[in-house]
Amino acid sequence: VMLEKEQPGIAASLPKLENAVRPATAETGAPRRELPPFTVQNVTLDLVHGAVALLNEPAAAKVVVPVIVCLSSIICKFIIGHVPYTEIDFSTYMQQVELVNAGALDYSLIVGDSGPIVYPAGFVQVYQFLYWLTDGGADLKLAQLAFGYLFTATVAVTCAVYTMLGLVPPWPLYLLLCSKRLYLIYVLRMFNDCFTTIGIACVVLLLQQAAYWHKQLSPLLRVLVCALAADVFSMALSVKMNVLLYLPAFILVVYFLVGERMLSCLAVVSVIPLVQVLIGWRFLLPLFWDEEASYLRQMYLTRAFDFSRKFLHTWTVNWRFVPEDVFDSDKFARSLLVGHVSVLLLFVATRFVSPRLTKKPLTTLIKDALLHPLTDTAAPGNLLLLPEMGPKLILLIFSVTNLVGVLFARSLHYQFLAWYMWLFPFILHAAGCNFFTGGVIFAAHEWCWNVFPSTNESSQLLVAILAVILLGVWYNTDYWYKSEGEKSSEIH
């Protein structure tokens, strides 16, 4: 009544509005969509469609990720409580740390039951903390719990990296929980490789943020974010040298993120050796140049960063099918190095710096780097700098660069699976696999890593899987140059 008195125009329009929002009925002449009948068949179909959505629907990641992170913690605790611990290197790590705590500086004299220390100073600092936490390594359950939480944290960071890609199906996320060997490496072996894994995952996440927010960040902030990533990269490197496999990807990505300014890129990269000096200060003795200091410095550099180190054929997972005399030869090592460099350069030339990605010819890219080291010469359409493409391309470049190094590694020991397993589900997706084919390949790959000792057949299959996946990623050009939204719209 009040509405009719005060606003007669609005009151007169109410019947029309009521008809507009009234549900469709036979009176209006519009067909009415009824709910399907409540039957066993329809309920079953709903469950099937829901399960398929949890595997393939990108929006389901909001539900899937918290569940996966929680499950990772539960699984680790279950393994710790029900599977006996197996001693391999952890007690040796504790013995080595004990010598360092007692004042030892000569890397050639820092030894344990399974041999001398062969890792940089960051390794020492990490295990010094574990030494303190576990009462000198006596409290193994507490040490296992620490590695269990490290595993969960790695899964959480990896999920964050994956979800930065945009419209990616959830099935690769489930595979993060499906490697038996990876659980052994973390909670039953407690290898230092686990710390480099989370370090690199954090580096990728930081660089993804720099790409995603590229337009909103000032040039100085971009450089600072990249410098922070370099800091984390160097800390991971100080635990184990395998991080160097990612170095070409890191330099290339940073170069684009800082606007193709060569001097800015060099400034960011210089953070890596600087952090190495700060972490290894006590062994490098940079302020002392007498004969003893030079000897200690030499022992540290040659033992912690030993590029000539040879592995035993007995423990290799990837090249078991190669005769031992060939495996031990320098010719085989040089062949692997040539293969590594050649395949990596192929990806760099045809994918990483392709004109379709950088939006400029390769010759122009090189000239700008050499002739304009202080100028932002990045093309406006550079895919690495677009929020819908940059995070995906950064993860892709890091994944491929590392996997090429793994494929041509002189030897893979069982704990080395941690080097790339966090990237493996993504690389399956990038190669064009769906849930079924990706699951089959993942299962075959996992079998290779759980055959102990490795056999000719398991090592041949492992090398074949890695090679075929890299080939699939190279051929899947749409994944390099189209966003997930563009591909999804084409499918529909």
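Look above for the structure.
Residues numbered from 1 in each chain as written. Predicted model: local features only at pLDDT ≥ 70, side-chain atom pairs only at ≥ 80, totals over all residues. Heavy atoms only, no water.

## Focus: the overall build of the protein chain
The helix and strand inventory of the protein chain stands at 26 helices and two strands. Overall, the protein chain is about 100 × 60 × 50 Å in size when its C-alpha atoms are taken along their principal axes. Evaluated residue by residue, the protein chain yields a buried proportion of 49% over its 492 residues. Contacts in the protein chain between residues at least 24 apart in sequence constitute 76% of all its contacts with a sequence separation of at least 6. (Helix = DSSP H or I, 4+ residues; strand = E, 2+ residues; numbered from the N terminus. Buried < 20%, exposed > 50% of the residue type's maximum accessible area, 1.4 Å probe, protein only. Contact = heavy atoms within 4.5 Å.)

## Quick notes on the packing of helix α23 (residues 435-450) against helix α24 (residues 456-475)
At their nearest, the axes of α23 and α24 sit 9 Å apart, and the two run at 140° to each other. Between α23 and α24, the angle is such that the two are oblique. The two elements α23 and α24 cross, and the hand of that crossing is left-handed. When α23 is examined against α24, the residues Ile 441, Ala 444, His 445, Trp 447, Cys 448 and Trp 449 are found in contact with a partner set consisting of Ser 458, Leu 461, Leu 462, Ile 465, Leu 466 and Ile 469. Counted by class, the contact of α23 with α24 contains ten nonpolar, two polar and no charged residues. (Axes fitted to C-alpha atoms, helices over the stretch in contact; angles between N-to-C directions. Parallel < 35°, antiparallel > 145°, perpendicular 65-115°, else oblique. Left-handed = near helix turned anticlockwise from the far one by under 90°. Nonpolar A, V, L, I, M, F, W, Y, C, P; charged D, E, K, R; others polar.)

## Looking at the packing of aromatic side chains
Throughout the structure, instances matching the rule amount to 36 aromatic pairs. On the numbers, 5.0 Å between centres and 80° between planes, the contact of Tyr 212 with Trp 213 is edge-to-face. Judged by its relative accessible area of 43%, Trp 213 is partly exposed. Through successive ring pairs, a cluster of aromatic residues spans Phe 90, Tyr 93, Tyr 119, Phe 123, Tyr 127, Phe 147 and Phe 195. (Phe/Tyr/Trp six-rings, centres within 6.5 Å; stacked < 30°, edge-to-face > 60°.)

## Thoughts on unusual backbone geometry
Here the amide bond leading from Phe 452 into Pro 453 is cis, since omega sits at -10°, within 30 degrees of zero. If you trace the backbone, Pro 453 turns up in the loop between α23 and α24. Its identity as a non-glycine residue notwithstanding, Asp 135 has a phi of 55°, on the positive side. Along the chain, Asp 135 turns up in the loop between α6 (121-133) and α7 (140-163). The exposed category is assigned to Asp 135, whose relative accessible area is 64%.

## Thoughts on the nonpolar core
Judged by nonpolar contacts, the single largest core of 154 residues is most densely connected at Leu 207 and Phe 250. Tallying contributions element by element places helix α21 (residues 390-407) first for this core, with eleven residues. (Core = buried A, V, L, I, M, F, W, Y, C linked by side-chain atoms within 4.5 Å.)

## Focus on the environment of Ile 185
Residue placement: Ile 185 occurs in helix α9 (residues 180-189). Taking relative accessible area as the criterion, Ile 185 reaches 2% and is therefore assigned buried. Separated by 160 residues in the primary sequence, Ile 185 and Leu 345 have C-alpha atoms spaced 32 Å apart. In this structure Ile 185 touches Met 190, Phe 191, Cys 194, Tyr 414, Gln 415, Leu 417 and Ala 418, once residues within four positions along its chain are discounted.

## So, the side chain of Gln 144
Tracing the sequence through the fold places Gln 144 in helix α7. With a relative accessible area of 2%, Gln 144 lands in the buried category. Polar contacts involving the side chain of Gln 144 include one to the main-chain carbonyl oxygen of Val 187, which spans 2.7 Å. For Gln 144, the contacting residues outside a window of four places in its chain are Ile 80, Tyr 85, Val 187, Leu 188 and Met 190. (Polar contact = N/O pair within 3.5 Å; in protein donor to acceptor, adjacent residues only side chain to side chain.)

## A short note on the packing of helix α10 (residues 193-212) against helix α11 (residues 219-237)
Axis angle and axis distance: for two packed helices, these are the angle between their axes and the distance between the axes, and together they describe the pair. As a packed pair, α10 and α11 sit with axes 8 Å apart at the nearest point and diverge in direction by 170°. Overall, the two elements α10 and α11 adopt an arrangement that is roughly antiparallel. Taken together, the residues of α11 that come into contact with α10 (itself represented by Thr 196, Gly 199, Ile 200, Cys 202, Val 203, Leu 206, Leu 207 and Ala 210) are Val 225, Cys 226, Leu 228, Ala 229, Val 232, Phe 233 and Ala 236. The residue inventory of the contact of α10 with α11, partitioned by class, reads 13 nonpolar, two polar and no charged.

## What to know about the environment of Leu 263
Positionally, Leu 263 belongs in helix α13 (residues 262-269). On the accessibility criterion, Leu 263 (44% relative accessible area) is partly exposed. If we skip the residues at most four places from it in the chain, Leu 263 touches Pro 373 and Leu 374.

## Concerning a nonpolar patch on the surface
On the surface, Leu 274, Val 277, Leu 278, Trp 281, Leu 287 and Phe 288 cluster together to form a nonpolar patch covering roughly 620 Å² of accessible area. For Trp 281, the location among the structural elements is in helix α15 (residues 281-284). Given a relative accessible area of 40%, Trp 281 falls into the partly exposed group. (Patch = residues over 30% accessible without salt bridge, like charges linked within 9 Å, V, L, I, M, F, W, Y side chains within 5 Å. Areas by Shrake-Rupley, 256 points an atom, 1.4 Å probe, with all protein chains shown as cover. Salt bridge = Lys/Arg side-chain N within 4 Å of Asp/Glu carboxyl O.)

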